[in-house]
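What the coordinates show
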Amino acid sequence: MDDQAQRSQALDVTRSFLIQAPAGSGKTELLTQRYLQLLSVSDSPESVLAMTFTKKAVSELKARVIGALKL
């Protein structure tokens, strides 16, 4: 399945977006990219919020964001 158009839309920081997809489809990577994109344009990074439903996903997202910011 080619979902590149939908992934590109999800990175449009001028819109809110809901990401729903099956396990292993790259949701966490897409959410990480979107979160970093939002941080890059925000005047108040503390106002950027991401929601997920599991502690595991929170840990993974946090690790990926911190890892990307260290680069």
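What this report covers is the structure whose coordinates are included nearby. Every value quoted in this text rests on a predicted model; they were computed, and no experiment measured them.

Each helix and strand in the chain was counted, giving three helices and zero strands. Along its sequence from the N terminus, the chain presents helices and strands in the succession α-α-α. For a compact globule of 71 residues, the expected C-alpha radius of gyration is about 11 Å, and the chain comes in at 12 Å, within 12% of that figure. Dimensions of the chain along its principal axes, counting C-alpha atoms only, are 35 × 30 × 25 Å. When each of the 71 residues of the chain is scored for burial, the buried share is 13%. As presented, the chain carries roughly 5700 Å² of accessible surface, and 56% of it is formed by carbon and sulfur atoms. Taking the average place of the 9 positive charges on the side chains of the chain and the average place of its 7 negative ones, the gap between the two points comes to 9 Å.

Reading the values: rules and limits
- Along each chain, the written sequence defines residue order, and numbers are assigned to residues from 1.
- Totals for whole chains, interfaces and linings use all residues, but because this is a predicted model, local features are given only for residues with pLDDT of at least 70 and pairs of side-chain atoms are given and counted only at 80 or more.
- Hydrogens and waters are ignored; side-chain quantities use all the structure's heavy atoms.
- The helix count covers DSSP runs of H or I at least four residues long, the strand count covers runs of E at least two residues long, and both are numbered beginning at the N terminus.
- When we talk radius of gyration, it's over C-alpha atoms, and the globule rule is simply 2.2 Å times the number of residues to the 0.38.
- Buried residues are those whose accessible area, probed at 1.4 Å on protein chains only, stays under 20% of the maximum for their type, while exposed residues exceed 50% and partly exposed ones sit between those limits.
- Per-residue and other accessible areas were derived by the Shrake-Rupley procedure at a 1.4 Å probe size, with only the shown protein chains allowed to occlude residues.
- Here Asp and Glu are counted as negative and Lys and Arg as positive; His is not counted, and neither are the chain ends.
- For the purpose of locating charges, the reference atoms are NZ of Lys, CZ of Arg, CG of Asp and CD of Glu.

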